[in-house]
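Residue strings, one per chain:
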Number of protein chains: 2
Amino acid sequence: MRVTDQSISEPDLPCDAERFNQARAAQSVAVLEDYAEMIDDLIAEMGEARITDIASRMGVTNPTATKAVARMKREGLAVSRPYRGVFLTPEGVTLAARVRARHQVVLELLIALGVPAETARLDAEGMEHHVSDVTLKAFEAFLAAR
Amino acid sequence: MRVTDQSISEPDLPCDAERFNQARAAQSVAVLEDYAEMIDDLIAEMGEARITDIASRMGVTNPTATKAVARMKREGLAVSRPYRGVFLTPEGVTLAARVRARHQVVLELLIALGVPAETARLDAEGMEHHVSDVTLKAFEAFLAAR
DNA sequence: CGCAGAGTTTAGCCTTGGCTACATTAGTGT
DNA sequence: ACACTAATGTAGCCAAGGCTAAACTCTGCG
Ligand SMILES: [Mn+2]
Ligand SMILES: [Mn+2]
Ligand SMILES: [Mn+2]
Ligand SMILES: [Mn+2]
């Protein structure tokens, strides 16, 4: 073949690409979302969020957690001073709250659909980041009307 | 505080970390899955999968698609000779089939839950990769029993 | 037959998010 | 006071997945 039939493949270009672009965009903030939620959890549970605790709970090494926190600081979601704990900015707190609520809804939905609790717990962690506001509303409506 | 209470934080370490590790593992194969499905689509639709078409549909530039295909070849999912189209190995075909079926179920589930079709189309692209076999079965059961 | 242009590859850059190894700080207890 | 140790930070490596720019190959057409 190798024909230059750009006219045939043009209509679907923006179509498919848009989908993948949204998925990539969601993925690029997934780490920020998980760390925000985790830092908020640790502060609530332990009174402070130490790098070591963040790292062990996220399942990564300390330098990896340090880098992630550096990115969060850069993006205005967290603050910290050397050898002190990590804290969330108001924006970070807002993000953490939104992310926690969404995570909970996704988890509950999976369980409502008959997914075993442990499997739901594992799958929700990755799925949550790709659930848009519109989809979240649909999940909530389903759970409420059940 | 700063007490050395490792005994308190030990029990939850494997717990939380396991969740994030699974999400990271799923993410690390997401690109392979999407490309496998896309190459299979293109071969079905156009008789061959050219780099340019793969790239435009994935919403990336040609070099990015070339690199992704290189990884697929390295992992035994695709084959190609310079300046020729890309083909899937039997393993690649198997992956594509599994991924397409899962994608379809996730899409149908979202629509069944009342998510608008266009939103469902966008969200499913990212969510699919985090849906385990067990969860997929639950989705299928829900759709069948509806 | 040869060439122009479409398609492909290559080179090289960047960011992110993993890691190990090592240096530095700070808190605790003697 | 001070040493020990845990925590933190830093340096530097790697792979993946984006990109641009530029070189290369193929092919259909004149
Ligand atoms: Mn998550
Ligand atoms: Mn989460
Ligand atoms: Mn996908
Ligand atoms: Mn897909």
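Calculation criteria
- Residues numbered from 1 in each chain as written.
- Chains lettered and ligands numbered in written order.
- Predicted model: local features only at pLDDT ≥ 70, side-chain atom pairs only at ≥ 80, totals over all residues.
- Heavy atoms only, no water.
- UniProt positions renumbered as here; feature names shortened; annotations may be inferred.
- Helix = DSSP H or I, 4+ residues; strand = E, 2+ residues; numbered from the N terminus.
- Rg over C-alpha atoms; globule rule 2.2 N^0.38 Å.
- Buried < 20%, exposed > 50% of the residue type's maximum accessible area, 1.4 Å probe, protein only.
- Contact = heavy atoms within 4.5 Å.
- Areas by Shrake-Rupley, 256 points an atom, 1.4 Å probe, with all protein chains shown as cover.
- Lys, Arg positive; Asp, Glu negative; His and termini not counted.
- Charge placed at Lys NZ, Arg CZ, Asp CG, Glu CD.
- Donors = N, O, S within 2.8 Å, 3.2 Å for Na, K, Ca; no water.
- Near = heavy atom within 4 Å.
- Nonpolar A, V, L, I, M, F, W, Y, C, P; charged D, E, K, R; others polar.
- Polar contact = N/O pair within 3.5 Å; in protein donor to acceptor, adjacent residues only side chain to side chain.
- Phe/Tyr/Trp six-rings, centres within 6.5 Å; stacked < 30°, edge-to-face > 60°.

Looking at an unreviewed UniProt entry, one finds chain A named Transcriptional regulator MntR, with Paenirhodobacter enshiensis as its source organism. Entered under Sequence similarities (unreviewed entry) in the UniProt record, the comment concerning chain A runs "Belongs to the DtxR/MntR family." The Subcellular location (unreviewed entry) field of the UniProt record for chain A holds the comment "Cytoplasm".

Asker: So what's going on with the overall build of chain A? Residues and values would help.
Answerer: In terms of regular secondary structure, chain A is built from seven helices and two strands. For chain A, the succession of helices and strands along the chain, N to C, is α-α-α-α-β-β-α-α-α. Expected size for 146 residues packed as a compact globule is a radius of gyration near 15 Å; at 19 Å, chain A overshoots this value by more than 25%. Overall size of chain A, expressed as C-alpha extent along the three principal axes, is 60 × 40 × 25 Å. Counting over 146 residues, chain A shows a buried share of 46%. In chain A, the share of contacts with a sequence separation of at least 24, taken over all contacts with a separation of at least 6, comes to 52%. Summed over all atoms, the accessible surface of chain A reaches about 7400 Å², with 60% contributed by carbon and sulfur. Side-chain charges in chain A split into 17 positive and 22 negative, and the spacing between the mean points of these groups amounts to 7 Å.

Asker: I'd like a rundown of the coordination of the manganese ion (ligand 2), residues and numbers included.
Answerer: Within the first shell, the manganese ion (ligand 2) binds the protein through Glu 37 of chain A (OE), His 103 of chain A (ND1), Glu 125 of chain A (OE) and Glu 128 of chain A (OE), at distances of 2.2 to 2.6 Å. Sequence spacing among the residues donating to the manganese ion (ligand 2) works out to E-x65-H-x21-E-x2-E.

Asker: I'd like to hear about the coordination of the manganese ion (ligand 3), residue by residue, with values.
Answerer: Geometry sets the ideal angles at a metal, namely 109.5 degrees for four tetrahedral donors and 90 or 180 degrees for six octahedral donors. All names here are of chain B. Protein coordination at the manganese ion (ligand 3) comes from Asp 34 (OD), Glu 125 (O), Glu 125 (OE), Glu 128 (OE) and His 129 (NE2), with a distance range of 2.0 to 2.3 Å. Within one chain, the residues serving as donors to the manganese ion (ligand 3) are arranged as D-x90-E-x2-E-H. The distance between the manganese ion (ligand 3) and the manganese ion (ligand 4) comes to 3.5 Å, and Glu 125 binds to both of them. Of this pair, Asp 34 sits in helix α2 (residues 12-46) while His 129 sits in the loop between α6 (117-127) and α7 (133-144), and the two are 95 residues apart along the sequence. As far as burial versus exposure is concerned, Asp 34 and His 129 are alike and both buried.

Asker: With reference to specific residues and values, describe the protein's contact with DNA strand D.
Answerer: The environment of DNA strand D is made up of 19 residues, and the closest members are Arg 24 and Thr 52 of chain A together with Thr 64, Lys 67 and Arg 84 of chain B. Near-protein atoms of DNA strand D (within 4 Å) split between backbone and bases, with sugar and phosphate holding 67%. The set of elements that each furnish at least two residues to the surface near DNA strand D consists of α3 (51-58) and α4 (62-74) of chain A together with α4 (62-74) of chain B. When residues of the surface near DNA strand D are assigned to their parent elements, the largest contribution, five residues, is made by α4 of chain B. Of the residues belonging to the surface near DNA strand D, the class tally is eight nonpolar, four polar and seven charged.

Asker: Describe the protein's contact with DNA strand C, naming the residues involved and giving the relevant values.
Answerer: Around DNA strand C sit 21 residues in total, of which Thr 61, Lys 67, Arg 71 and Arg 84 of chain A together with Thr 52 of chain B are the nearest. The sugar-phosphate share of atoms of DNA strand C within 4 Å of the protein amounts to 63%. One of the side-chain nitrogen or oxygen atoms of Lys 67 of chain A is found 2.5 Å away from a base oxygen of DNA strand C. One nitrogen or oxygen atom from the main chain of Tyr 83 of chain B is found 3.4 Å from a phosphate oxygen belonging to DNA strand C. Broken down by secondary-structure element, the contributors of at least two residues to the surface near DNA strand C are α4 of chain A together with α3 (51-58) and α4 of chain B. In terms of residue class, the surface near DNA strand C is made up of nine nonpolar, five polar and seven charged.

Asker: Outline the environment of Ala 26 of chain B, listing residues and values.
Answerer: Residue and element names in this part refer to chain B. In this fold, Ala 26 is placed in helix α2. Owing to a relative accessible area of 14%, Ala 26 belongs among the buried residues under this scheme. Separated by 108 residues in sequence, Ala 26 and Val 134 place their C-alpha atoms 14 Å apart. Filtering out sequence-adjacent residues up to four positions away, Ala 26 remains in contact with His 129 and His 130.

Asker: For the packing of aromatic side chains, give the residues involved together with the corresponding values.
Answerer: Using the criterion set out here, one finds one aromatic pair over all chains in the structure. Taking 5.7 Å as the distance between ring centres and 85 degrees as the angle between the ring planes, the aromatic pair formed by Phe 142 of chain A and Phe 142 of chain B counts as edge-to-face. Of this pair, Phe 142 of chain A sits in helix α7 (residues 133-144) while Phe 142 of chain B sits in helix α7, each in a different chain. Residue Phe 142 of chain A is classed as partly exposed on the basis of its relative accessible area, which comes to 22%.

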